[in-house]
Amino acid sequence: MTKLDSIHTDNKKRANDYVHEVYELVKKRNPDEKEFLQATREIFDSLRPVFAQHPEYITNGILERITEPERIITFRVAWEDDQGKVHVNRGFRVQFNSDLGPYKGGIRFHPSVNASIMKFLAFEQIFKNSLTGQPIGAGKGGSDFDPKGKSDREIMRFTQSFITELSKYIGPDRDVPAGDIGVGKREIGYMFGQYNRLKGGYEAGVFTGKDPNHGGSLGRKEATGYGTVYFVEEMLKVKNESFDGQTVIVSGSGNVSIYAMEKAMQLGAKVVACSDSGGYIYDENGINLDTVKRLKEVENKRISEYTKEHLQAEYHDDCSAIWSIPCDIALPCATQNEIDEIAARMLVANSVKAIGEGANMPCTLEAMALFQENGVLFGPAKAANAGGVAVSAMEMSQNSMRLSWTAEEVDEKLHLVMKNIYTSCVDAADRFGHPGNLVMGANIAGFLKVADAMVAHGLS
Ligand code: NDP
Ligand code: 2IT
């Protein structure tokens, strides 16, 4: 063995030991947080080659620091329903990392919300936001409040109570929330109104995802779904393919799903299935998006209603069975861990060509490994769904400049951001010896920028 070889071997061993040691520490410190541990595991596995080349990250304790949130705020949210009954929910904001800018990330209202889910989402946001190339740090918040079946007034009262407490910790240069599951422009509107009332002024840049008629950006609603499709479009070019003529399935029927379906259709794909938590619909003629938009965006109904208007379509009351439908491209756009090993096996058996993660961490580690082993093109969430937060950062810019870009300008910028993210992922994967592995590429490219800032900013 030459001297150089033995240095490489030593560096590799040191890097592996470091990653192993810190992962054990993270496990010990967060024993019950399975989603958070899953997200850290994936990152740690990707970063081994980085630490072998960058011992300064080890001496600066970057991994120990980056896995511990700067601050977690947990609070009581008391509110009254329409019958005058008092309810108490739990509110969260995880302010994970501010080395690249103000904390930035969505708010989720869903009964499953807990510390582990909040932390995994905020942790992933660090790398995603870094990948956009924009000056945004990372956070996430939410509550275990269930918006289903609540009246508009109940939503307003809950949201006002939630933001009354959170308003102490956020601000346009400090922490800028946006939407996520269960939170759209209506909820953001109530949060924005209450925040301004408490502050006694108008602070446009404190939230993003606002109504474009009231301080929001055109194109934000479409951004995550469109961005996911733009990213997959880049991936497909490797195989000389495009969306044109492909059969696509998209899980969920919320904000991300609807606009992923819209862009895929615009690019010539046939989208045959989508879902909600109750089940999935299959329409061999191709989903009628106007019906889905009306049912979901206007009437707040279940996806099962679709079959009443489209008699050829089928409804199945098991949302996870959507992955048994043969398709060329699958876009999971509902929630975490919706594609497990069983679902992945079905997709692979049906010769799926590409997966684009519109949701956050929709594939389990086992599912991801299966896709990679079987040569399926795989676009990881941190990269593929970064379009939403990227346009949020554009909304912050427009708010600061007190002007509005046109929908075309925003879409053009979004398209460019997604192409740049794709290139950064490809380059990082190449540079660290794993060509074509976009999971490693996204994790590494996202990490490097934050790690350098953490070194530059000194210990914190
Ligand atoms: P929405 O609330 O608009 O829609 C969520 C959709 O997913 C609904 O169809 C919902 O069905 C379904 N869903 C939610 N939870 C579950 C579950 N546990 N099991 C099965 N289906 C479920 O949320 P978004 O579209 O905004 O978010 C979807 C995903 O995209 C999330 O992972 C989110 O973190 C991620 N994301 C969102 C961004 C954004 O800009 N909004 C940006 C980047 C990522 P039902 O109505 O029955 O609950
Ligand atoms: O997961 C996400 O990136 C979001 N929910 C959007 C965050 C944002 O600040 O726009």
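Before reading further, recall that the structure is shown in the block above.
What this report covers is the structure whose coordinates are included nearby. Predicted, not measured: the structure shown is a model, and the values here were computed from it.

## A few points about the site of ligand 1
Item 1. Ligand 1 sits among 26 residues. The nearest are Lys148, Asp180, Ser277, Arg302 and Asn360.
Item 2. Measuring from an oxygen atom of ligand 1, one finds a backbone N or O atom of Ser253 at 2.9 Å.
Item 3. One of the backbone nitrogen or oxygen atoms of Val256 is found 2.9 Å away from an oxygen atom of ligand 1.
Item 4. Partitioning the shell around ligand 1 into residue classes produces six nonpolar, 13 polar and seven charged.

## Comments concerning the packing of helix α5 (residues 115-131) against helix α17 (residues 438-456)
The packing of two helices is summarised by the inter-axis angle and the distance between the axes.
Item 1. At a minimum axis distance of 8 Å, the contact between α5 and α17 shows a crossing angle of 85°. Taken together, the axes of α5 and α17 are roughly perpendicular relative to one another. Between α5, through Ile126, Phe127, Ser130 and Leu131, and α17, the contact on the second element is made entirely by Ala442, Asn443, Ala445, Gly446, Phe447, Lys449 and Val450.
Item 2. Partitioned by chemical class, the residues of the contact of α5 with α17 number seven nonpolar, three polar and one charged.

## A look at the sheet that holds strand β3 (residues 103-109)
Item 1. One open sheet accounts for five strands, arranged β1-β2-β4-β3-β5; its pairing is mixed. Here the strands that pair on one side only, and so sit at the sheet edges, are β1 (71-80) and β5 (175-178). Averaged over all pairs of adjacent strands, the angle between their axes in this sheet comes to 20°, without regard to strand direction.
Item 2. By the bridge criterion, three bridges tie β3 to strand β4 (residues 138-143) in an arrangement that is parallel. Across the sheet, residue Phe109 finds its bridge partner in β4, namely Ser143.
Item 3. Where helix α6 (residues 152-166) meets the sheet, it contacts β1, β2 (86-97), β3 and β4, and its direction lies at approximately 145° from that of β1.

## Observations regarding the packing of aromatic side chains
Item 1. One pass over the full model with this rule turns up 24 aromatic pairs.
Item 2. Judged by centre distance (5.1 Å) and plane angle (75°), the rings of Tyr18 and Phe51 are edge-to-face. Here the residue Tyr18 occupies a position in helix α1 (residues 3-29), and Phe51 occupies one in helix α2 (residues 34-53), the gap between them amounting to 33 residues. Here the two residues Tyr18 and Phe51 agree in accessibility, since each one is buried.

## Looking at the site of ligand 2
Item 1. Residues in contact with ligand 2 amount to 14 residues; listed here are only the nearest, Lys104, Gln125, Lys128, Asp180 and Ser392.
Item 2. Interatomic distance of 2.7 Å between a side-chain N/O atom of Lys128 and an oxygen atom of ligand 2.
Item 3. One of the side-chain nitrogen or oxygen atoms of Ser392 is found 2.5 Å away from an oxygen atom of ligand 2.
Item 4. Taken together, the elements giving at least two residues each to the shell around ligand 2 come down to β3, α5 and α15 (387-401).
Item 5. Residues of the shell around ligand 2, tallied by class, amount to two nonpolar, seven polar and five charged.

Conventions we followed
Residues numbered from 1 in each chain as written. Chains lettered and ligands numbered in written order. Predicted model: local features only at pLDDT ≥ 70, side-chain atom pairs only at ≥ 80, totals over all residues. Heavy atoms only, no water. Near = heavy atom within 4 Å. Polar contact = N/O pair within 3.5 Å; in protein donor to acceptor, adjacent residues only side chain to side chain. Nonpolar A, V, L, I, M, F, W, Y, C, P; charged D, E, K, R; others polar. Axes fitted to C-alpha atoms, helices over the stretch in contact; angles between N-to-C directions. Helix = DSSP H or I, 4+ residues; strand = E, 2+ residues; numbered from the N terminus. Parallel < 35°, antiparallel > 145°, perpendicular 65-115°, else oblique. Contact = heavy atoms within 4.5 Å. Pairing = 2+ DSSP bridges. Phe/Tyr/Trp six-rings, centres within 6.5 Å; stacked < 30°, edge-to-face > 60°. Buried < 20%, exposed > 50% of the residue type's maximum accessible area, 1.4 Å probe, protein only.

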